[in-house]
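# Breakdown of the fold
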Amino acid sequence: MSAADVPLRFASVQPLDRRQLTAGSRTAPRASRLAAPLPRTSRRTSAALETLGIASLGDLLEHLPFRHEDRREARPIAALAPGDEATVIADIRRIARRRTRGRVSVVEATVTDDGGTMKAVWFNQPWVVDRLPPGTRAVLHGRADTRRRNSFVVSTYEAAPGVTAADVRAEGLTPVYPATEGVTSDRIRELVKRARPLEGETVEPLPSLLRASERLPERAAALDALHFPDDEDETELARRRLAFDELLVLGLEYVGRRRAREEALSAIELDPTGELAGPWLASLPFRLTGDQDRAIAEIDADLASGRPMQRLLMGEVGSGKTVVALHAMLRALENGRQAALMAPTETLAEQHMATLDQLLGGHVPIALLTGSTPTARRRDVLARLESGELGLVVGTHALIEDTVEFRALALAVVDEQHRFGVRQRTALEEKAPPGRSPHVLHLTATPIPRTYRLMRYGDLDCSILRDLPAGRQAIGTHVVDGARARRRVYERACEEIAAGRQVFVVCPLVEESEVLQARAATAEAERLADDEFRAHRVELIHGQMSARRKAEAMRAFASGEADVLVATSVIEVGIDVPNATVMLVESAERYGVSQLHQLRGRVGRGRHPGLCILFGDPDQPRLRALAEESDGFTLAEVDLAIRGAGEVLGTRQHGERELRVARLPDDADLLERTHRIAEEILSRDAHLEAPEHALLGAARASRFAERSGRIAA
């Protein structure tokens, strides 16, 4: 949209005059009416609004629609084509509710207008039967079903006696609000209309100079345009303004958190001594990749800085993260300090232990500590950690138990850190000596797009490993469906076994489930041992097995005694069996892109090419993407585009409120720009104390109050 096309209500998007540029943000009115309670409503409606976080008129205006429906023209039933989204004015003739076998509530109504009849359908809204009795005229908005003729799935509805097409046109572009049982989107829209006169009292958090330089409309005008839009262009401009605010506050929190940590905390300086890390690196029988060399240099600089490192080491499957992490741990040991590596599962911790011990060649003492560690061995490990005799330990959550005390922990490596909660990661860091923070290296084998990275890890520095070590074999990936193709897959797997190689079979569940209808690993192992792989040894591993039984199964497979390993996704990361060349994944559609890419990375790690077979629908976008693309970073971008940031990020698991306005990856440019602006603002005003930044500081404190309190403490 050009400047000439800017809607009238957004006229303030034009550059401000000099007096405005030197002014600060608008301060809140002395007695803002936005804090006033809501208009009187029924007890049920009030309770429902409270569950949505709406307690005041200000909350109501900040409760934003998640989409808009075009109700500018009512369509006759006879004119609807399958897949059409439309508004229909119809009379309810018959209506009833029923439940499906899956216990889903379905309401079905026969509705008519002057030209036709169709079936209107509501899902999980049983109360519709009482609100739209036969004889009611209603305005229905939804989509004509593409599978069933003359069926219309309703998204929003309104009983409207005597309504005409002209009345519908007056509704125009209609906002649809997040709602809940007890209050509908239409009821919220009515309440917002009553609060509309107060929009002018909305606080403007952005400094005038910033708003002018970014050519942004006022926040009050943006809110009005979202609640009461004239057209789609205006709505999008308004949404982008509010998304700018949301992402800027997020950037201020992440950048501020990193700066505060650097200013307030100190760490042991781990300078290179030439005693361990350097000689070990020189002794390796392979050359590091350029990415590994760069990552080691970045980590070495952090370790020697005197400030606690908080770095994310992100690498493609098989890119050599363990080597980089071990170099950092040896840097701690050669300075007389201790290092710990924490993994989310016992299987992964055991695999790390075996890999590190192999890389070290037995020259450096190392121990494993998990929930299954025998009592006598556990007592010995704890004593050696407390005395400082043991410098390097690998473990699970067992490392953060109160009984575990380190004499001089200087480096914590957290593998697959997204599987740990904030408190669990913090508990390991608190094992360092009083007054000193440990250096922390976070590892992830899931390539993360920059957009995603800024959203979840904006307070961490980042090192990336894209290059694969020399000798990594290609992995062919195919999506297979149908009995005939499946038989050929098993024949191909048996050919690999006959040639001396091994096979993984991965199933999503440990036990049968009627709901998920997925092949259980236990049942599948028995079936394969009796049928397709009856001439071969089949082992089973899953998370509910005892540690001893899992270790036995892994030993048998790693040593080559077993030909086939049937497992759940417990083998997703960290498992390294170079002789395995075939990966078969059952019910592949139940996994995300990153999980499937990780599973695929378990094969092709030796001298022979790998083969990955995904049993599932070849037309499913993410399975098709796996078959067509081998680069994990490209797949991460594809995954973000397919699922959207909300599902990919899983932000609620990480203590952050989900994005309400911004849409990723669509708003990736806004995320990048607001992050840079946050850096610039905090470089000049680290604590947001300047008058022009006061309201930004208040917005940040409001959104991150709980976390900010933890950091300050």
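Let me sum up the structure you'll find in this document. Source: prediction; values computed, not measured. (Residues numbered from 1 in each chain as written. Predicted model: local features only at pLDDT ≥ 70, side-chain atom pairs only at ≥ 80, totals over all residues. Heavy atoms only, no water.)

### Re the overall build of the protein chain
Within the protein chain, the regular secondary structure consists of 26 helices and 20 strands. Counting over 713 residues, the protein chain shows a buried share of 52%. In the protein chain, 74% of the contacts between residues at least 6 apart in sequence involve partners at least 24 apart. Total accessible area on the protein chain is roughly 32,700 Å²; 48% of this is exposed by carbon and sulfur atoms. (Helix = DSSP H or I, 4+ residues; strand = E, 2+ residues; numbered from the N terminus. Buried < 20%, exposed > 50% of the residue type's maximum accessible area, 1.4 Å probe, protein only. Contact = heavy atoms within 4.5 Å. Areas by Shrake-Rupley, 256 points an atom, 1.4 Å probe, with all protein chains shown as cover.)

### A few points about the packing of aromatic side chains
Tallying each qualifying case throughout the model produces 4 aromatic pairs. Consider the rings of Trp-122 and Tyr-157, whose centres lie 6.0 Å apart with planes at 90 degrees: the pair is edge-to-face. Residue Trp-122 is found in strand β4 (residues 117–123), and its partner Tyr-157 is found in strand β6 (residues 151–159); the two are separated by 35 residues along the sequence. According to the relative accessible area criterion, Tyr-157 is buried, its value standing at 13%. Members of the aromatic cluster, connected to one another through ring pairs, are Tyr-490, Phe-533 and Phe-615. Here Arg-466 stacks its cationic end above the ring of Phe-633, 4.0 Å away from the centre of that ring. (Phe/Tyr/Trp six-rings, centres within 6.5 Å; stacked < 30°, edge-to-face > 60°. Lys NZ or Arg CZ within 6 Å of the ring centre and 35° of its normal.)

### A short note on the sheet that holds strand β19 (residues 580–585)
Strands pair in a sheet through their backbones, by hydrogen bonds, and they do so in one of two ways: parallel or antiparallel. Read across the open sheet, the 6 strands follow the order β15-β20-β19-β16-β18-β17; overall the sheet is parallel. Each edge of the sheet is formed by a strand with only one pairing partner; in this case those strands are β15 (475–480) and β17 (538–541). Shown here is a sheet whose adjacent strand axes are inclined to one another by a mean of 15 degrees, direction ignored. Across 4 bridges, the pairing between β17 and strand β18 (residues 564–567) is parallel. From the neighbouring strand, Leu-540 faces β18, where its bridge partner is Val-566. Lying on the sheet, helix α20 (residues 593–600) is in contact with β15, β16 (502–506), β19 and β20 (610–615); it crosses β19 at an angle near 150 degrees. Each of β15 and β20 is contacted by helix α21 (residues 621–628), which is oriented at about 150 degrees to β15, the strand it contacts most. (Pairing = 2+ DSSP bridges. Axes fitted to C-alpha atoms, helices over the stretch in contact; angles between N-to-C directions.)

### Considering empty space enclosed by the protein
Summed over the entire model, instances satisfying the criterion amount to 1 cavity of 30 Å³ or more. The calculated volume of the largest cavity comes to roughly 60 Å³. Around the largest cavity, the lining residues are Ile-268, Arg-337, Ala-408, Leu-409, Ala-410, Ala-432, Pro-433, Arg-436, Ser-437, Pro-438 and His-439. (1 Å grid on protein atoms, 1.4 Å probe; cavity = no way out; pocket = protein on both sides within 12 Å on 5 of 7 lines; lining within 4 Å. Points joined across faces, edges and corners; volume = space filled by probe spheres on them.)

### Considerations on unusual backbone geometry
Phi is positive for Asn-124, which is not a glycine, with a value near 55 degrees. Along the chain, Asn-124 turns up in the loop between β4 and α4 (128–131). Residue classification places Asn-124 among the partly exposed residues on the basis of a relative accessible area of 47%. Despite not being glycine, Leu-688 has its phi angle at roughly 50 degrees, a positive value. Overall, Leu-688 belongs to the buried group, its relative accessible area being 9%.

### Quick notes on the sheet that holds β6
If you trace the 5 strands once around the closed barrel, you get β2-β3-β4-β6-β5, paired in mixed fashion. The mean inter-strand angle of the sheet, taken between neighbouring strand axes irrespective of direction, is 55 degrees.

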